[in-house]
Amino acid sequence: MTGSPDAARAEDTTPSGSSTPRPRPPCERLSGCQKSGVCSRSYFWVVMVFFHLYIFNVIALLFYVHYSSGQEDPNRSRDAPSGGRADSTRSPSGGEFLRDVSLTRVDGIRVGHVQKVSLVPGKVHEMRTLSLKPLLFEIPGFLSDDECRVVMQLAQLKGLMESQLMVQDGQEELAKELNLSPEEIFNLLDINQDGQLQLREILTHSRVRDGIWLTPENLREIYAGLKADKNNDGLLSLKEFRLLSSDAFQHFLLQRGVKRSQLVRNSRHTWLYQGQGAHQVLQDIKERVTRLTHLPPTLVDLSEPLQVVHYEEGGHYHAHRDSGPVYPETACTHTLLAANTSTPFETSCRYITVLFYLNTVEGGGETAFPVADNRTYDEMSLIQNDVDLLDTRRNCDKSNLRVRPTKGTAVFWYNYLSDGKGWVGEQDEYSLHGGCVVTHGTKWVANKWINVDPDYQRQARYQQLVSQLPQDESDEAPAPNADTQHSSVHQEL
Ligand code: OGA
Ligand code: CA
Ligand code: FE2
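Quick caveat, the model's predicted, so the values are computed rather than measured. All chains use their own residue numbering, which begins from 1 and follows the written sequence. To label them, take the chains in the order written and letter them from A, then take the ligands in the order written and number them from 1. Per-residue local features of the predicted model are confined to residues with pLDDT of at least 70, and side-chain atom pairs are confined, for both listing and counting, to 80 or more; whole-chain, interface and lining totals are unaffected and use all residues. Side-chain calculation: all heavy atoms of the structure are included, whereas hydrogens and water are not.

1. What to know about the nonpolar core
Phase 1: Nonpolar cores were defined as sets of buried Ala, Val, Leu, Ile, Met, Phe, Trp, Tyr and Cys residues, with membership established by side-chain atoms within 4.5 Å. The rule is simple: take the accessible area with a 1.4 Å probe, protein chains only, and divide by the maximum for that residue type; under 20% is buried, over 50% is exposed, in between is partly exposed. In this structure, F142, V151, V308, Y351, F356, L358 and F412 are the most contacted members of the largest nonpolar core, which totals 50 residues.
Phase 2: Starting at the N terminus, helices and strands are each numbered in turn, a helix being any DSSP run of H or I of at least four residues and a strand any DSSP run of E of at least two. Per-element accounting of this core gives the leading share, six residues, to helix α4 (residues 145-158).
Phase 3: With residues up to four places along the chain from it excluded, the contact list for F356 reads F142, L143, I285, V289, L306, T409, A410, W444, V445, A446 and K448.
Phase 4: In this structure, L355, L401, Y430 and L432 belong to the second largest nonpolar core, which totals 48 residues. Two residues qualify as a contact provided that any one of their heavy atoms is within 4.5 Å of a heavy atom in the partner residue.

2. A closer look at the site of ligand 1
Phase 1: Whether a residue is near a molecule or strand depends on its heavy atoms: it is near if one of them lies within 4 Å of it. Taken together, 12 residues surround ligand 1, and among them Y311, T367, H433, K443 and N447 come closest.
Phase 2: Here D322 contributes a side-chain N or O atom positioned 3.4 Å from an oxygen atom of ligand 1.
Phase 3: Polar contact is the term for a pair of N or O atoms within 3.5 Å; when the atoms are in protein, one must be able to donate a hydrogen and the other to accept it, and sequence-neighboring residues count only if both atoms are side-chain atoms. In this structure, an oxygen atom belonging to ligand 1 sits 2.7 Å away from a side-chain N or O atom of K443.
Phase 4: Look at ligand 1: alone it shows 290 Å² of surface, and the protein chains cover 100% of it.
Phase 5: Of all elements in the fold, only β10 (316-321), β20 (433-435) and β22 (443-451) reach the threshold of two or more residues within the shell around ligand 1.
Phase 6: A per-element tally of the shell around ligand 1 places β22 first, with four residues.
Phase 7: A class-by-class count of the residues in the shell around ligand 1 yields four nonpolar, six polar and two charged. Working definition of accessibility: Shrake-Rupley area with a 1.4 Å probe, residue cover restricted to the visible protein chains. Three classes are used: nonpolar for Ala, Val, Leu, Ile, Met, Phe, Trp, Tyr, Cys and Pro, charged for Asp, Glu, Lys and Arg, and polar for all others, with Gly counted as polar.

3. What about the coordination of the calcium ion (ligand 2)?
Phase 1: Protein coordination at the calcium ion (ligand 2) comes from D190 (OD), N192 (OD1), D194 (OD), Q196 (O), Q198 (OE1), E201 (OE) and E201 (OE), with a distance range of 2.1 to 2.6 Å.
Phase 2: Sequence spacing of the donor residues for the calcium ion (ligand 2), all on one chain, is D-x1-N-x1-D-x1-Q-x1-Q-x2-E.
Phase 3: With relative accessibility at 36%, the residue D194 sits in the partly exposed group.
Phase 4: Assessed through its relative accessible area of 16%, Q198 is described here as buried. Any N, O or S atom lying within 2.8 Å of the metal counts as a donor, and for Na, K and Ca the limit rises to 3.2 Å; water is left out, so some sites can look incomplete.

4. Focus: a nonpolar patch on the surface
Phase 1: Taken together, the side chains of V46, V49, F50 and L53 make up a nonpolar region of the molecular surface, amounting to roughly 380 Å² of accessible area.
Phase 2: Structurally, V49 is set in helix α3 (residues 41-69).
Phase 3: Given the relative accessible area of 47%, V49 is considered partly exposed. Grouping into patches uses exposed residues only, defined as over 30% relative accessible area, and leaves out salt-bridged ones; the cut-off is 9 Å for like charges and 5 Å for nonpolar side chains (Val, Leu, Ile, Met, Phe, Trp, Tyr). The salt bridge criterion pairs a side-chain nitrogen of Lys or Arg with a carboxyl oxygen of Asp or Glu, the two atoms within 4 Å.

5. Let's talk about the pattern of salt bridges
Phase 1: One pass over the structure, following the stated rule, counts 15 salt bridges.
Phase 2: Between K116 and E126 there is a salt bridge, with the nearest N and O atoms lying 2.9 Å from each other. Placement of K116 in strand β1 (residues 114-120) and of E126 in strand β2 (residues 123-131) is noted, with a sequence separation of 10 residues between them.
Phase 3: Note on K116: relative accessible area 59%, which makes it exposed.

6. Thoughts on the confidence of the model for the protein chain
Phase 1: Per-residue pLDDT for the protein chain has a mean of 82; in total, 78% of the residues score no lower than 70.
Phase 2: The pLDDT value expresses, per residue, how confident the predictor is, ranging between 0 and 100. Low pLDDT, under 50, characterises residues 1-36; the stretch is placed with 20 contacts to residues that sit more than four places away or in other chains.

7. As for the state of the cysteines
Phase 1: Defined by distance alone, a disulfide is two cysteine sulfur atoms within 2.5 Å. This model, assessed by the stated rule, comprises two disulfides.
Phase 2: Across the disulfide from C332 sits C349; the S-S distance is 2.0 Å. With the S-S bond torsion at -85°, the cross-link from C332 to C349 turns out left-handed. Taken as a pair, C332 in strand β11 (residues 330-332) and C349 in the loop between β12 (345-347) and β13 (350-357) lie far apart in primary sequence, 17 residues in all.
Phase 3: Its relative accessible area of 2% is what places C332 among the buried residues.
Phase 4: On the basis of relative accessible area, C349 is assigned to the buried category, the value being 3%.
Phase 5: One disulfide bridge connects C396 with C436, the sulfur atoms lying 2.0 Å from each other. Looking down the S-S bond of the C396 and C436 bridge, the torsion is -95°, so its handedness is left-handed. Here C436 lies in the loop between β20 and β21 (438-440) and C396 lies in the loop between β15 (367-369) and β16 (401-403), a separation of 40 residues in the sequence.
Phase 6: We classify C396 as buried; its relative accessible area is 10%.

8. Some remarks on the coordination of the iron ion (ligand 3)
Phase 1: Only H320 (NE2), D322 (OD) and H433 (NE2) from the protein reach the iron ion (ligand 3) as donors, at distances of 2.1 to 2.2 Å.
Phase 2: Mapped onto the sequence, the residues coordinating the iron ion (ligand 3) show the spacing H-x1-D-x110-H. Within this pair, whereas H320 is found in strand β10, its partner H433 is found in strand β20, the two being separated by 113 residues in sequence. Taken as a pair, H320 and H433 share a single burial class, namely buried.

9. Quick look at the pairing of β1
Phase 1: Strand pairing is assigned whenever DSSP identifies at least 2 bridges connecting the two strands. Two strands pair when backbone bridges link them, and β1 and β2 are joined in this way by five bridges, in the antiparallel orientation. Along β2, the bridge assignment pairs K116 with E126.
Phase 2: Counted between consecutive antiparallel strands, the loop separating β1 from β2 contains two residues, among which G122 sits at a positive phi close to 75°.

This is the structure in structure tokens:
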């Protein structure tokens, strides 16, 4: 054996010169070095015992791993959030769902990067990254001309309704019920708590509460009409505010009349179900969205129906986010069914927006992303006295990014960041966007929103609940009254 390479290496010496025998199979060692003490019969037995103990431990470990995580729970929902990799299971303690699901996020690489995607057999689409904040992509030719036509026709057949009603009731009663003093109301409105009401504080309030899109000029006009701003500095002090009646602004506006162009949103829309039995084109679109987003088909199936929107010439949609912020007390509209808590804050949780352009608009109508890829995000600086970046009737040209509506093109973006653990994290503030005013012709778009609850447990519970409903009921479950449920859930600014 001396001539074998093994033997040569066994006699290698360390730099210190001491001999370090390389471990070898016991029998080889026995025959090769009978004179050495470490090659004795007892040494052999010690090694064998340790060897068997080691093997035993490995086997025990494998059994443990198998039985603690690999077991299928027979009660598990077929629809519990199932990511690309693993299925959700109920933990042995019951009640909680183990969070072992990952939602895939498409990688943007860098702005301008083009990646090929396979969405329909025999065809390759190109997907271009438009921004990283928000993560936003554009896919030309996502829909064929025929598909665009069918969707528009189906929407017309179903009938479209005004996206925003002119008057919102119930606010006055609320104020009366609460019996707030002028000081208390002033404090609510004074967002930056500097003891003065800036124009933008009143504007934000009127947009969120009444859905009326006042401009700084409108507001100055109202101040003048009401003689509210005595010292004419553009600010309302508590003293000035006290002299106004609680509904002075609303009263003034109603008397003067509000035009549709002064609303947050000036369009008509309808909802088209995409489940079993729906027109093949609608089912195909859903399937394609699933492939595009790499999300579990169940998540897409359980999301809102397709929303088809029509803007007449002059129509617009001021900047907004499709989803609400994530606070501990907020609940998602789509999982409310399964939430066993009552909450005062309900919002739509739309992880992804896929927006389809169904026609090429002759003039205007771009989708604007005012702060896309901004270095920082500052809510306050969005509305300055001279420029209001949220105003898509006036300031689309100042938006960081605008997408021209081209028939068949789809854009999609994430309204939430990742939580870093494969689930939905915080709202992405950069996802702010709006529809610029249509200057020539009309504009048709469709929205496919993919709903995911940032609270994993609520999403899992919801999916389990829906999976237990009879099939025809569960088809309807995601949006039993979509027309009313989703028409007013956009978070306006
Ligand atoms: C929407 C929306 C943008 C557009 O419908 O939520 O943001 O360009 N639409 O119409
Ligand atoms: Ca203030
Ligand atoms: Fe939107």
